[in-house]
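# What the coordinates show
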2 protein chains.
Amino acid sequence: MIRAGLTALIISVPLAAPADGIRATGDLGVVIERATGSVLVVDQSDRAALCRVEGLGDLSHASLTFSPDERFAYVFGRDGGLSKVDILTCTLENRLVQAGNAIGGAISDDGKLVAVSNYEPGGVKVFDAVTLEQVADIPMGSKTVGLADAPGSRFVVATWDTGEVWVLDHLADPANPQITRIEGVGANPYDALMTADGRTYVVGLFGEKGLTTLDLWQNPPQPRRILPDYGKNQPDLPVYKMPHLQGWTLAGSTYALPAVGLHQVLWVDAASGAETSRTDVAGQPIFVTARPDGRELWVNFATPDNGAVQVIDGMTHQIKQTLQPGAGILHMEFTPRGREVWLSARDDDKVVIYDTRTYQKLGEIEAQSPSGIFFTARAHRTGL
Amino acid sequence: MIRAGLTALIISVPLAAPADGIRATGDLGVVIERATGSVLVVDQSDRAALCRVEGLGDLSHASLTFSPDERFAYVFGRDGGLSKVDILTCTLENRLVQAGNAIGGAISDDGKLVAVSNYEPGGVKVFDAVTLEQVADIPMGSKTVGLADAPGSRFVVATWDTGEVWVLDHLADPANPQITRIEGVGANPYDALMTADGRTYVVGLFGEKGLTTLDLWQNPPQPRRILPDYGKNQPDLPVYKMPHLQGWTLAGSTYALPAVGLHQVLWVDAASGAETSRTDVAGQPIFVTARPDGRELWVNFATPDNGAVQVIDGMTHQIKQTLQPGAGILHMEFTPRGREVWLSARDDDKVVIYDTRTYQKLGEIEAQSPSGIFFTARAHRTGL
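Residues numbered from 1 in each chain as written. Chains lettered and ligands numbered in written order. Predicted model: local features only at pLDDT ≥ 70, side-chain atom pairs only at ≥ 80, totals over all residues. Heavy atoms only, no water.

Per an unreviewed UniProt entry, chain A goes by Cytochrome D1 domain-containing protein and derives from Paracoccus fontiphilus.

This is the structure:
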């Protein structure tokens, strides 16, 4: 009862003046509140919430991307909703339901196009970033997953039903992208990852073992299988959740990634694609995220171990810290130069903040069932 | 006469409303106007100047760094001046002359400390980023060069007179940094470079051949010599300018760097420190800067070839474009995801903007003897 009352209070009271004159945006962020269809705008420097924006629909599996000026967040909801939030004025500037069921999106490197990956009706739709008017509709005869931006007004996406990767090049004509279609990627891609340089696209496969990578500097890119034993037919425990490929990390020349159904983190040589070692961890890992300097990797876990977070030394591959930041740790976001990490504790209704050098807790912020945390510095990176 | 008249006009007329209500900062930048002691605040999205801030002293060899929220630029002048510019209100918020002769600075990863590297009286001074009050003064018995931030409230600097590197760790007590002093780095360091992960510090030597690297993950770091023939006793042409080490690029596992006194770019394997190949270019290179995706490197040149810019393919190491963007090209800055490059044409009094995919000119901005161009996304990166 007390908990419910507090939550109601949070909803009804403005958290702060959303637009008190002048405010820079480099230290802002947006937290998805998955159960209430709302987002919380947060300030890294003050370790505080600024305001809440509501009415974004089903955010049970939501992500977002930022405009290059860091003013607008484009929020991709599971219900096909595409919402444009002005984080400086704390308003929902525009919203449309562009499909029946969607799974993420991306913004082009010139900031002009926002693309959304759809389960229903499938394919990709592309919108004008200013007006949200539809610019292009590319049906692919399949559900699509793992949509990411690549340099040069390009988007890359994988097709669940047909096992392909499509590269959409909008450089010459935004409304009529040149399409490069790569077949034979593997059975049922369920997610994908773009490396930070926009060169390598890694596709996770649900329908068979292993993963497929594509070198986008090749013309046309050729599918290459790596980690042939990854993912299928090997769990010794029930698989509670297929790990997102965004839970992978490329630190130096080594990938660190969550094993599927095992209490292990895998280390893979990026050049050869071969596994080099494993680290035993406290549960089934979900995200294996490098601190921006690559010296440490922070790991969170699927239920029932989702109250723990472990820190792995990037050189020795040994566990160096085990923390218990809260209940239901769904996501970890580092401040851009890595000094702090912000963790969403869904079942505690708060975001918890740690210093990554001292491992001391620095603060916490009330939030309603928080999931993804997104800092504005993402606006300046490829593949996010 | 016409040129002088235009310049006077630019000075006397406000360029735009500097604070027209709400403005996000992710797409802003600051251009150093070296001859007039002023800086120009620019907007990437509009490809336009917003306003000018004057009274910053001698900016003939100036650099700057941004606060984490991207609101403030800390400008380091050659005359020892440290100026704090509010780029949202377009005002000089604070300024002090902290030394007789200075050469760059850095901001700590928590945004709380600003450090300046001094020629006269030498050593490093550290200031509170909010008030500019002095926090620490670390005399080193030497001129200092190549000051850079490292993760964990640390600064790293090289000493010209004594051939050392000092690591200043302000984590436990900002006013009394723990000092790690590494001797035997080499004769007369003249500049240094920090890699983007904050791990490797590369020191250029004026007093002997070769360069020295330090792995800051070692405790204590051990000096390691690389490229034993680099820099001295080999020029076949007069050396017009020692290249800044900020002109180096680490693209993938390969360094690309300007040769000294030669019309060549050198390629060096980062792991072994050995030269692997050379590319002939149009003059003595100054900056060899990778487009953010690493696929291309853009090169500018010392006089008399400083009207040209060349683009090298990162895979083939061949020249793929030669451009003539203007007179006296001093600096190149990419938009964060690499779609545009902005070039300062000092002797044309303008900044010129190119699309990095089509190589078409997109626009230009009037500026007074522009030199360095700094976009706010730098706030989120280590070692800048």
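The subject of this paragraph is the packing of aromatic side chains. As enumerated under the stated definition, the model contains 8 aromatic pairs over all chains in all. With 5.9 Å between their ring centres and 40° between their planes, A:Trp160 and A:Phe206 make a pair best called tilted. With A:Trp160 in the loop between strand 13 (154-159) and strand 14 (164-169) and A:Phe206 in the loop between strand 17 (200-205) and strand 18 (211-215), this residue pair connects regions lying 46 residues apart in the sequence. Judged by its relative accessible area of 25%, A:Trp160 falls in the partly exposed class. Note on B:Trp298 and B:Phe334: the rings are 6.1 Å apart at their centroids and 85° apart in plane angle, and the pair reads as edge-to-face. With B:Trp298 in strand 25 (residues 296-301) and B:Phe334 in strand 28 (residues 329-334), the pair connects residues that are 36 residues apart, well separated along the chain. Pair check on accessibility: B:Trp298 and B:Phe334 agree, each one buried. Here the aromatic cluster, defined as three or more aromatic residues joined through ring pairs, consists of A:Trp298, A:Phe334 and A:Tyr359. When the ring centre of A:Phe72 is taken as origin, the NZ or CZ atom of A:Lys84, which lies over that ring, is 4.4 Å away. (Phe/Tyr/Trp six-rings, centres within 6.5 Å; stacked < 30°, edge-to-face > 60°. Helix = DSSP H or I, 4+ residues; strand = E, 2+ residues; numbered from the N terminus. Buried < 20%, exposed > 50% of the residue type's maximum accessible area, 1.4 Å probe, protein only. Lys NZ or Arg CZ within 6 Å of the ring centre and 35° of its normal.)

Turning our eyes to something else, we now look at the pairing of strand 18 (residues 211-215) of chain B. All names here are of chain B. In terms of burial, strand 18 is largely enclosed, as 5 of its 5 residues are buried. Side-chain alternation along strand 18 places Leu-211, Thr-213 and Asp-215 on one buried face and Thr-212 and Leu-214 on a second face that is also buried. Between the end of strand 17 (residues 200-205) and the start of strand 18, which pair antiparallel, lie 5 residues, with Gly-210 showing a positive phi angle near 85°. (Pairing = 2+ DSSP bridges.)

All names here are of chain A. Averaged over every residue, the pLDDT of chain A is 91; residues scoring 70 or more account for 91%. Counted against residues more than four places away or in other chains, residues 1-14, with its pLDDT under 50, gives 10 contacts. Scoring of the predicted complex yields 0.93 for pTM and 0.93 for ipTM. (pLDDT = per-residue confidence, 0-100. Contact = heavy atoms within 4.5 Å.)

Turning our eyes to something else, we now look at the sheet that holds strand 10 (residues 124-128) of chain B. All names here are of chain B. On the basis of which strands lie adjacent, the open sheet formed by 4 strands has the order 8-9-10-11 and antiparallel pairing. Here the strands that pair on one side only, and so sit at the sheet edges, are strand 8 (101-107) and strand 11 (134-138). For this sheet, the mean angle separating the axes of adjacent strands, direction not counted, is 20°. Examined bridge by bridge, strand 8 and strand 9 (residues 113-120) share 5 bridges and lie antiparallel to one another. The partner of Ile-107 across the bridge, within strand 9, is Val-114. (Axes fitted to C-alpha atoms, helices over the stretch in contact; angles between N-to-C directions.)

Each side of the interface is counted separately: chain B has 41 residues, and chain A has 41 residues. Looking only at chain B, the three residues that lose the most surface to chain A are B:Trp217, B:Arg337 and B:Arg339, adding up to 26% of its buried area. Taken together, the connections running from chain B to chain A amount to 6 salt bridges. Summed over the shared surface of chain B and chain A, the result is 15 residue pairs in polar contact (both at pLDDT 80 or more). When its residues are assigned to classes, the side of chain B that touches chain A shows 13 nonpolar, 12 polar and 16 charged. (Buried area = accessible area lost by both parts, 1.4 Å probe. Salt bridge = Lys/Arg side-chain N within 4 Å of Asp/Glu carboxyl O. Polar contact = N/O pair within 3.5 Å; in protein donor to acceptor, adjacent residues only side chain to side chain. Nonpolar A, V, L, I, M, F, W, Y, C, P; charged D, E, K, R; others polar.)

Omega for the bond connecting A:Thr303 with A:Pro304 falls within 30 degrees of zero, at 10°, which places this linkage in the cis form. Looking at the element boundaries, A:Pro304 is found in the loop between strand 25 (296-301) and strand 26 (309-313).

Take the sheet that holds strand 14 of chain A next. Whether parallel or antiparallel, the strands of a sheet pair through hydrogen bonds between backbone atoms. Residues and elements named next belong to chain A. Ordered in space as 12-13-14-15, the 4 strands form an open sheet in which the pairing is antiparallel. Whereas interior strands pair on both sides, the edge strands pair on one side only; in this sheet they are strand 12 (144-150) and strand 15 (178-182). With strand direction ignored, the average angle separating the axes of adjacent strands in the sheet is 20°. Of the pairings in the sheet, the one linking strand 13 to strand 14 comprises 6 bridges and is antiparallel in character. What sits directly across from Ala-158, in strand 14, is Val-165.

For a regular strand, the rule is simple: side chains alternate between the two faces of the sheet. In this structure, strand 6 (residues 81-86) of chain A lies alongside strand 7 (residues 91-97) of chain A, joined through 6 bridges in antiparallel fashion. In the sheet register, A:Leu82 faces strand 7 of chain A, and the bridge partner there is A:Leu96.

All names here are of chain A. For the structure shown, the criterion picks out 2 disulfides over all chains. With a sulfur-sulfur separation of 1.9 Å, Cys-51 is cross-linked through a disulfide to Cys-90. Measuring the twist about the S-S bond at about 110°, one finds the Cys-51-Cys-90 disulfide to be right-handed. On the criterion of sequence distance, the pair formed by Cys-51 in strand 3 (residues 48-53) and Cys-90 in the loop between strand 6 and strand 7 is long-range, its members being 39 residues apart. (Disulfide = S-S within 2.5 Å.)

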